[in-house]
Amino acid sequence: MINKLVDKIKQKDAPIVVGLDPMLDYVPNFIKEEAFNQFGETLEGAGEAIWQYNKAIIDATHDLIPAVKPQIAMYEQFGIEGIKAFNKTVEYCRQKDLVIIGDIKRGDIGSTSKAYAVGHIGRVQVGKNSFCPFKEDFVTVNPYLGSDGVNPFIDVCKEEKKGIFVLVKTSNPSSGEFQDRLIDNRPLYEIVGEKVNMWGSECMGDEYSYVGAVVGATYPKMGETLRKIMPKAMILVPGYGAQGGKAEDLKCFFNEDGLGAIINSSRGIICAYKNDKYKDKGITEMNFADASRMAVIDMIEDINSAIK
Ligand SMILES: O=c1ccn([C@@H]2O[C@H](COP(=O)(O)O)[C@@H](O)[C@H]2O)c(=O)[nH]1
């Protein structure tokens, strides 16, 4: 799957991923009204609204992008109905041949991690039958329970040729509280980066490893160091746009070959219709998905002009 991701980034000349993080507040009123007319103001209605919202955004952007990153929390908040919307979204993105990065941030003790791994990127056995319940291509993994928590994901990656992105240095303001703590004079995120490099060396694709890393766009200096520590890891970079990360700070996340990083934007794309820049170009709630397409085109141009 890492080979497919690298190929698609090259083909589309777009080292970006669209984050499908559908809060109900972001969904245009006309979509909510339709869903609520059908199912009432219920969890089912919310699930239908976020699914229709996602579908329109995917239809408007899929030809431009290599990958999507649905954030499972936005779906889980609506319980089973939200999870159904998550599954429909994943299935639809598969039909569009997009690479799917499930932002699930899981990680637990061994047997529990194994259950997460088989459910999301592997197969679960039921009697004589095996099923792929969630069908993502990659998932995000929290490594702070140690190798016991990560290894089950790596085992499934090897079996299924899927991938993971391990949280190394996250984009949020308080990420330094623990991740920057010095251990033997080195920040913890560097030690985790070394581990990612080691785990990744056991499962290489053609150019990059099946084990990637998450490093926030909001910490470019740390990104530069981590790029060197993990030369073969694809870095998933959240924090561009809504969190303040700028294209001009992103070059250091890439390798000399112009590859090695994929930049995420969620609100910047899915809420583009609320942005005055696009309202001035004739965007209203009714054609919100056209604004997402415009925002994707602008993001690709912004990033490529900064890194090339
Ligand atoms: O360090 C991290 C890890 C994950 N995220 C996730 O990425 C998106 C960012 O959304 P924006 O709207 O583009 O800010 C969201 O799903 C986060 O949970 C992150 O931001 N930082």
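Each chain has its residues counted from 1, running along the sequence as written. Where totals are concerned, whole chains, interfaces and linings use all residues; where local detail is concerned, this predicted model gives features only for residues with pLDDT of at least 70, and gives and counts side-chain atom pairs only at 80 or more. The basis for every side-chain value is the complete set of non-hydrogen atoms in the structure, without hydrogens or water.

Taking an unreviewed UniProt entry as the reference, the chain is identified by name as Orotidine 5'-phosphate decarboxylase belonging to Lachnobacterium bovis DSM 14045. UniProt positions are given in the numbering used here, feature names are shortened, and annotations may be inferred rather than shown by experiment. The Pathway (unreviewed entry) field of the UniProt record for the chain holds the comment "Pyrimidine metabolism; UMP biosynthesis via de novo pathway; UMP from orotate: step 2/2." Entered under Sequence similarities (unreviewed entry) in the UniProt record, the comment concerning the chain runs "Belongs to the OMP decarboxylase family. Type 2 subfamily."

**Q** What should I look at first to understand the site of the ligand in this one?
**A** The immediate surroundings of the ligand are formed by 15 residues, with D21, S171, Q243, S266 and R267 found nearest. As used in this structure description, the phrase polar contact means that two N or O atoms lie within 3.5 Å; if the pair is within protein, one of them must be able to donate a hydrogen and the other to accept it, and residues adjacent in sequence are counted only when both atoms belong to side chains. Between the ligand and K69, the relevant distance is 3.1 Å, taken from an oxygen atom to a side-chain nitrogen or oxygen of the residue. At 2.7 Å from an oxygen atom of the ligand is found a side-chain nitrogen or oxygen belonging to R267. When the ligand is considered free in solution it has 470 Å² of accessible area, and contact with the protein chains removes 87% of it. When residues of the shell around the ligand are traced back to their parent elements, those giving at least two are β3 (99-106) and β12 (261-265). For this scheme, ten residues count as nonpolar: Ala, Val, Leu, Ile, Met, Phe, Trp, Tyr, Cys and Pro. Four count as charged, namely Asp, Glu, Lys and Arg, and the remainder, Gly too, count as polar. Classifying every residue of the shell around the ligand gives three nonpolar, seven polar and five charged. A single heavy atom is enough: if one lies within 4 Å of a molecule or strand, its residue is considered near that molecule or strand. The Shrake-Rupley method, run with a 1.4 Å probe sphere, supplies the accessible areas, and residue values consider only the shown protein chains as cover. Runs of H or I in DSSP of at least four residues are treated as helices and runs of E of at least two as strands, each being numbered from the N terminus.

**Q** What am I meant to see in unusual backbone geometry here?
**A** Note: most peptide bonds trans; most residues except glycine with negative phi. Positive phi is not limited to glycine here, since D13 has a value of about 50°. Tracing the chain through its elements places D13 in the loop between α1 (2-12) and β1 (16-20). Its identity as a non-glycine residue notwithstanding, D184 has a phi of 50°, on the positive side. On the secondary structure map, D184 appears in the loop between β8 (182-183) and β9 (186-187).

**Q** Teacher, can you tell me more about helix α13 (residues 288-307) here?
**A** Each α-helix winds once per 3.6 residues, and so residues spaced three or four apart point in a common direction. Under the convention used throughout, the expected extent of a helix is 1.5 Å for every residue step, that is, one less than its residue count. Helix length check: α13, at 20 residues, gives a terminal C-alpha distance of 29 Å against a target of 28 Å (1.5 Å per residue), a fit within 8%. Every buried residue of α13 is accounted for by F288, A289, A291, S292, A295, V296, M299, I300, I303, N304 and I307. Against β1, α2 (29-39), α3 (43-61), β12, α11 (267-270) and α12 (276-279) lie the buried residues of α13. Buried means the residue's accessible area, taken with a 1.4 Å probe over protein chains only, is under 20% of the maximum for its type, while exposed means over 50%, and partly exposed covers the values in between. Here, two residues are considered to be in contact whenever any of their heavy atoms come within 4.5 Å of each other.

**Q** Can you help me understand the pairing of strand β10 (residues 211-215) in this one?
**A** For a regular strand, side chains alternate in direction, first toward one face of the sheet and then toward the other. Burial analysis of β10 places five of its five residues in the buried class, which makes it a mostly covered element. Two strands pair if DSSP finds at least two bridges between them. Across five bridges, strand β7 (residues 163-169) lies against β10 in parallel orientation. When the bridges of β10 are listed, V166 appears paired with A213. Pairing of β10 with strand β11 (residues 235-237) involves two bridges; the strand directions are parallel. In the sheet register, A213 faces β11, and the bridge partner there is I235. The handedness rule is simple: strands pointing away from the viewer, and a clockwise path from the first strand over the helix to the second, make the crossover right-handed. A crossover connection joins β10 to the parallel β11 through helix α10 (residues 220-229); in handedness this β-α-β unit is right-handed.

**Q** How should the side chain of T140 be read in this particular structure?
**A** For T140, the position within the fold is in strand β6 (residues 138-141). A polar atom in the side chain of T140 sits 3.0 Å from the backbone nitrogen of I104. Other than its neighbours up to four places away in sequence, T140 contacts G102, D103, I104, K105, R106, F165, V214 and L236.

**Q** Hey, could you run me through the packing of aromatic side chains in this one?
**A** Aromatic ring pairs are described here by two measures, namely the spacing of the ring centres and the angle between the planes. In this scheme Phe, Tyr and Trp rings, the latter by its six-membered ring, pair at centre separations within 6.5 Å, and the angle between planes marks the pair as stacked below 30 degrees, edge-to-face above 60, and tilted otherwise. Tallying each qualifying case throughout the model produces seven aromatic pairs. Plain terms: the ring middles of Y53 and F288 are 5.5 Å apart, the flat faces sit at 25° to each other, and that makes the pair stacked. Of the two residues, Y53 sits in helix α3 while F288 sits in helix α13, which places them 235 residues apart along the sequence. Each member of the pair, Y53 as well as F288, is classed as buried. Aromatic pair F86 and F134: ring centres 5.9 Å apart, planes at 75°, arrangement edge-to-face. With F86 in helix α5 (residues 79-95) and F134 in the loop between β5 (129-131) and β6, this pair connects stretches of sequence that are 48 residues apart. For the pair formed by F86 and F134, the shared burial category is buried. Ring pairing ties together the aromatic residues F30, Y53, Y273 and F288, which thus form one cluster. Note on criteria: charge over ring means Lys NZ or Arg CZ within 6 Å of the ring centre, with the direction from the centre no more than 35 degrees off the ring normal. The side chain of K169 reaches across the aromatic face of Y219, ending 4.1 Å from its centre.

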